[in-house]
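Reading the structure
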Amino acid sequence: MQNYKIILTFASKLKVNMNYLRHLTTKYPTTTILIIIIWILCFIPAFPETVLDDISLIDKWTHVVMYAGTFGILWIEYIRKNDTINRKKLLWLGIVAPILMGGLIEILQANCTGGRRSGEWLDFIADSLGVLVAAIFGILLVWSRAKGRKDS
């Protein structure tokens, strides 16, 4: 009987989380697509060589740009769809969750790809830097929007 209650509790929490996930994907469609692209790119076995391979730390710059662009779009979508700004929600959606995602991807690359991909601390740092660039951009947008409304 106890196991049955545990399973029901887990199933109800999973349902709530799935409903919230569905809400996020409909509210932030562009960000959702970009996140899916990041996950796919991070688990493709290997990329072909390009002329950009000669640029120092091109892989790290790619991580910064991917995360800054994706989560910059998240900030834009949030600001466009919400009249009031929930700082706690933005902290979680725009900073904490993306950094955790970057860390999770690196852990999975290191442990679940059979050596085809490697998880690297520098990639995680580059991901986090991209998130922080997006957050600075987003905070400036929020500040600009608030100032514009005050002036009106």
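Now for a look at the structure at hand. (Residues numbered from 1 in each chain as written. Predicted model: local features only at pLDDT ≥ 70, side-chain atom pairs only at ≥ 80, totals over all residues. Heavy atoms only, no water.)

**So, the overall build of the protein**
Put simply, the rule reads: What counts as a helix is a DSSP run of H or I of at least four residues, what counts as a strand is a run of E of at least two, and both are numbered from the N terminus. Burial classes follow relative accessibility: with a 1.4 Å probe on protein chains only, a residue under 20% of its type's maximum area counts as buried, one over 50% as exposed, and anything between as partly exposed. Residue contacts are counted whenever heavy atoms from the two residues lie within 4.5 Å of one another. Surface accessibility follows the Shrake-Rupley procedure with a 1.4 Å probe radius. Residue values consider only the protein chains on display as shielding.
For the protein, the helix and strand inventory stands at five helices and zero strands. Across the protein, helices and strands are ordered from the amino to the carboxyl terminus as α-α-α-α-α. Here the protein holds 152 residues, and the buried ones make up 30% of them. The long-range fraction of contacts in the protein, counting pairs at least 24 apart against all pairs at least 6 apart in sequence, stands at 78%. In the form shown here, the protein has an accessible surface area of approximately 10,500 Å², with 70% of it arising from carbon and sulfur atoms.

**What about the packing of helix α2 (residues 29-43) against helix α3 (residues 58-81)?**
Here is the rule we go by: Helix axes are fitted only over the stretch in contact, all axes being lines through C-alpha atoms; the angle between N-to-C directions runs from 0 to 180 degrees. Note on terminology: angles under 35 degrees are roughly parallel, angles over 145 are roughly antiparallel, angles of 65 to 115 are roughly perpendicular, and the others are oblique. Crossing handedness is defined as follows: a turn of the near helix away from the far one that is anticlockwise and smaller than a right angle gives a left-handed crossing, while the clockwise case is right-handed. Here the term charged refers only to Asp, Glu, Lys and Arg, the term nonpolar to Ala, Val, Leu, Ile, Met, Phe, Trp, Tyr, Cys and Pro, and the term polar to all other amino acids, Gly among them.
Between α2 and α3, whose axes approach to 8 Å, the crossing angle comes to 160°. The angle between α2 and α3 falls in the class roughly antiparallel. Along this stretch, α2 crosses α3, giving a crossing that reads as left-handed. Taken together, the residues of α3 that come into contact with α2 (itself represented by P29, T30, T31, L34, I35, I38 and L41) are M66, Y67, T70, F71, I73, L74, E77 and K81. Residue composition of the contact of α2 with α3, by class: ten nonpolar, three polar and two charged.

**Points about the environment of L104**
With respect to the secondary-structure elements, L104 resides in helix α4 (residues 87-112). Put simply, L104 and F124 are 20 residues apart on the chain and 9.1 Å apart in space, counted from C-alpha to C-alpha.

**Regarding the packing of aromatic side chains**
Test applied: Pairing of aromatic rings covers Phe, Tyr and the six-membered ring of Trp, with a centre-to-centre limit of 6.5 Å; geometry is then stacked below 30 degrees between planes, edge-to-face above 60, and tilted otherwise.
Under the criterion given, the structure shown has three aromatic pairs. Aromatic pair Y67 and F71: ring centres 5.8 Å apart, planes at 35°, arrangement tilted. Highlighted residues: Y67 and F71, both in helix α3, separated by four residues, approximately one helical turn. There is no split in this pair, since Y67 and F71 are both buried.

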